[in-house]
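# Inside the fold
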Amino acid sequence: MGQRDGLGNQQERAEADLQWLGGVFDGEGSFSLVFNGRTETATAMVRFTNTSDVMIAEVLRIMDAHGLPRHVQQLNPTTGTKPIWHISINGAKRSRRFLEVVMPYLRAKRKEAAIVWDFVQSRLARLPGAQYSAEEVNWFLELRELHGYRLQQSSETIRLALAKARR
């Protein structure tokens, strides 16, 4: 225990980091399947949004240490307010990489992450551009309902759009 944080070796530190990261994403992260009405496609997105530079730096440090993909965006909404940071993981391959490392450490949002995982695994097992399966459409709608989102289009409109997409 020679270190200030009480963690004696790198392996313990890496495990503690992943536990912390899982807790952060449980509390403030989101696991989504995003529908693009223009292209009538759905894609996976994992996102963490925060205004704390310290929190963002720590999340990025841990993600980098584990080789996790991410896109970082800083928004400055108005003068006199803190910048808003978004860390996003977009797409099936990147989401799968993130989820395979972080999902074991999730508790509160494990169900949402598992739905995204199932969707991503299914999409990656199919040929690029393959039509969405009924199961994939159901996962999309289940996650939207679980989140309580109000859709711009009805569930049936989205179901039909995804069912006909990529034919």
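Only a predicted model underlies this, so the values are computations on that prediction, with no experimental measurement involved.

## Things to note about the pairing of strand β2 (residues 41-50)
Across the ten residues that make up β2, a large majority, seven, are buried. With eight bridges connecting them, strand β1 (residues 29-36) and β2 associate as antiparallel partners. Each bridged residue has a counterpart across the sheet, and for V34 the counterpart in β2 is T43. Examined bridge by bridge, β2 and strand β4 (residues 84-90) share six bridges and lie antiparallel to one another. Paired with F48 across the bridge in β4 is I87.

## Let's talk about the nonpolar core
Among the nonpolar cores identified, the biggest contains 41 residues, and F25, F31 and F98 are the most heavily contacted of them. Here F31 is in contact with F25, M45, V46, F98, L99, L106, K109, E112, A113, V116, L143 and H147, once residues within four sequence places are set aside.

## Comments concerning the packing of aromatic side chains
For the structure shown, the criterion picks out five aromatic pairs. Considering the side-chain rings of F25 and F48, the 5.6 Å spacing of their centres and the 45° angle between planes classify their relative orientation as tilted. Of this pair, F25 sits in helix α1 (residues 10-28) while F48 sits in strand β2, and the two are 23 residues apart along the sequence. Take F25: its relative accessible area is 0%, and that puts it in the buried class. Taking the relative accessible area as the measure of exposure, F48 reaches 0% and is therefore buried. Ring geometry for F25 versus F98: centroids 4.9 Å apart, planes at 55°, classification tilted. Placement of F25 in helix α1 and of F98 in helix α3 (residues 92-102) is noted, with a sequence separation of 73 residues between them. Using a relative accessible area of 0% as the deciding quantity, one classes F98 as buried. Joined through ring pairs, the aromatic side chains of F25, F31, F48 and F98 make up one cluster. For R123, the ring lying beneath its charged end belongs to Y132, and the centroid distance is 4.1 Å.

Cut-offs used in this document
Residues numbered from 1 in each chain as written. Predicted model: local features only at pLDDT ≥ 70, side-chain atom pairs only at ≥ 80, totals over all residues. Heavy atoms only, no water. Buried < 20%, exposed > 50% of the residue type's maximum accessible area, 1.4 Å probe, protein only. Helix = DSSP H or I, 4+ residues; strand = E, 2+ residues; numbered from the N terminus. Pairing = 2+ DSSP bridges. Core = buried A, V, L, I, M, F, W, Y, C linked by side-chain atoms within 4.5 Å. Contact = heavy atoms within 4.5 Å. Phe/Tyr/Trp six-rings, centres within 6.5 Å; stacked < 30°, edge-to-face > 60°. Lys NZ or Arg CZ within 6 Å of the ring centre and 35° of its normal.

By themselves, these observations are geometric and do not establish any function.
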